[in-house]
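The chain contents come next:
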Amino acid sequence: MKKMIPFWEEAYQNDDIMAFPIEPNNTLKEYEHLLSKHAAVLEAGCGEGQNVLYLAKQGFHNIDAFDISEAGIAKLKKLCEFNNVNINAFVRDLANYEFEKKYDLVMSFATLCFLEKSVWRQFIANAKENTNIGGIHIMHIFTDKVPASPDIAPFAVGLAYDGEFNELYNDWEILSFQSYTFEDEHPGVPKHLHAVNKIVAQKK
């Protein structure tokens, strides 16, 4: 049987298209003011890197970003060179990621649900432990409030339940929590719905 390949992996291998919007996530733009340009930043599951590229262009210079996709990281490195910015981008599986330093911002967008729930919950626990006091997390995950869309259903093994992030961050200050559905589309993929939880939380 032919192994299924997610649409984003195919897009990562094509320099002429982007799998996801080139603009950074609006929540990142809303809360970046809480961080100094020296802040240590980590994005888990960065893909093509629109979020970290944005921060680098704003003058942030201590940025780590990883993804399991070799093609995604190769594309991000090309974009770094094109934009004349420096990002420490590397290939790593989030399932066995080990923190080597503490961060002021840890973020992950639409990635965690592609891991078993026990795995991504452990990643969040480790990330919390390796975040400096006053540091923030921006976490975004698809939930089971609506069924996983056909483009991600074979891969979405760890959908969150609505409000799960609130429980995981109840010992931090929750700056923002959103639960919503939105219509989405990608190259070669019909329009579809996703249910999402997004949290911004600050370590006390």
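The rules behind the values
Residues numbered from 1 in each chain as written. Predicted model: local features only at pLDDT ≥ 70, side-chain atom pairs only at ≥ 80, totals over all residues. Heavy atoms only, no water. Helix = DSSP H or I, 4+ residues; strand = E, 2+ residues; numbered from the N terminus. Buried < 20%, exposed > 50% of the residue type's maximum accessible area, 1.4 Å probe, protein only. Contact = heavy atoms within 4.5 Å. Areas by Shrake-Rupley, 256 points an atom, 1.4 Å probe, with all protein chains shown as cover. Axes fitted to C-alpha atoms, helices over the stretch in contact; angles between N-to-C directions. Parallel < 35°, antiparallel > 145°, perpendicular 65-115°, else oblique. Left-handed = near helix turned anticlockwise from the far one by under 90°. Nonpolar A, V, L, I, M, F, W, Y, C, P; charged D, E, K, R; others polar. Salt bridge = Lys/Arg side-chain N within 4 Å of Asp/Glu carboxyl O. Phe/Tyr/Trp six-rings, centres within 6.5 Å; stacked < 30°, edge-to-face > 60°. Lys NZ or Arg CZ within 6 Å of the ring centre and 35° of its normal. Polar contact = N/O pair within 3.5 Å; in protein donor to acceptor, adjacent residues only side chain to side chain. Core = buried A, V, L, I, M, F, W, Y, C linked by side-chain atoms within 4.5 Å.

Chemist: Summarise the overall build of the chain; cite the residues concerned and give the values.
Modeler: When helices and strands are counted, the chain shows six helices and seven strands. Tracing the chain from N to C terminus, the helices and strands come up as α-α-β-α-β-α-β-β-α-β-α-β-β. Here the chain holds 204 residues, and the buried ones make up 52% of them. Put simply, 70% of the contacts in the chain that link residues at least 6 apart link residues at least 24 apart. When the accessible surface of the chain is split by element, carbon and sulfur atoms take 50% of a total near 10200 Å².

Chemist: Outline the packing of helix 3 (residues 50-57) against helix 4 (residues 70-83), supporting the account with residue identities and numerical values.
Modeler: In contact at an axis separation of 11 Å, helix 3 and helix 4 are set at 20 degrees when each is read in the N-to-C sense. Relative to helix 4, the element helix 3 lies roughly parallel. Once helix 3 is placed against helix 4, the crossing between them reads as right-handed. Only Leu 76, Leu 79, Cys 80 and Asn 83 of helix 4 make contact with helix 3, whose side of the interface consists of Val 52, Leu 53 and Lys 57. In terms of residue class, the contact of helix 3 with helix 4 is built from five nonpolar, one polar and one charged.

Chemist: Explain the pattern of salt bridges to me, using residue names and the numbers behind them.
Modeler: Oppositely charged side chains may form a pair once their charged atoms are brought near each other. Under the criterion given, the structure shown has six salt bridges. For Lys 75, the salt bridge goes to Glu 48, with nearest N and O atoms at 3.1 Å. Placement of the pair is Lys 75 in helix 4 and Glu 48 in the loop between strand 1 (41-44) and helix 3, with a sequence separation of 27 residues. You'll find Lys 75 and Glu 48 in the same group, each marked buried. Here Lys 145 ties to Asp 162 by a salt bridge, and the two come within 3.9 Å at their closest N and O atoms. Of this pair, Lys 145 sits in the loop between strand 5 (131-142) and helix 6 (164-168) while Asp 162 sits in the loop between strand 5 and helix 6, placing them 17 residues apart in sequence. Look at Lys 145 and you get exposed, because its relative accessible area is 54%. Here Asp 162 falls in the partly exposed class, since its relative accessible area comes to 37%. Within the structure, one salt-bridge network assembled from shared partners comprises Lys 117, Arg 121 and Glu 164.

Chemist: Can you lay out the packing of aromatic side chains for me, pointing to particular residues and giving the numbers?
Modeler: Across all of its chains, the model carries eight aromatic pairs by this definition. With 5.8 Å between their ring centres and 25 degrees between their planes, Phe 66 and Phe 90 make a pair best called stacked. One end of the pair, Phe 66, is in strand 2 (residues 63-67); the other, Phe 90, is in strand 3 (residues 88-91), and 24 residues separate them in sequence. When sorted by exposure, Phe 66 lands in the same class as Phe 90, which is buried. Of the aromatic side chains, those joined through ring pairs into one cluster are Phe 66, Phe 90, Tyr 97, Phe 99, Tyr 103 and Phe 123. Its end group placed over the ring of Tyr 169, Lys 128 keeps NZ or CZ at 5.3 Å from the ring centre.

Chemist: Residue-level account of the side chain of His 137, with values.
Modeler: Secondary-structure assignment places His 137 in strand 5. A polar contact of 2.7 Å, which involves the side chain of His 137, links it to the side chain of Thr 131. Excluding residues that lie within four positions of it along the chain, His 137 makes contacts with Val 106, Ala 127, Lys 128, Thr 131, Tyr 169, Trp 172, Ile 199, Val 200 and Ala 201.

Chemist: Kindly report on the nonpolar core, identifying the contributing residues and their values.
Modeler: Counting 31 residues, the largest nonpolar core has Leu 112, Trp 120, Phe 123 and Phe 165 as the members making the most contacts within it. Breaking this core down by element, the ones donating at least two residues are strand 1, strand 4 (103-109), helix 5 (117-129), strand 5, helix 6 and strand 7 (189-202). Residues within four places of Phe 123 in sequence aside, it is in contact with Ala 44, Phe 66, Leu 94, Tyr 97, Phe 99, Leu 112 and Met 139. One finds Ala 56, Cys 80, Ile 87 and Leu 105 within the second-largest nonpolar core, a separate group that totals 26 residues.

None of this, on its own, says anything about what the molecule does.
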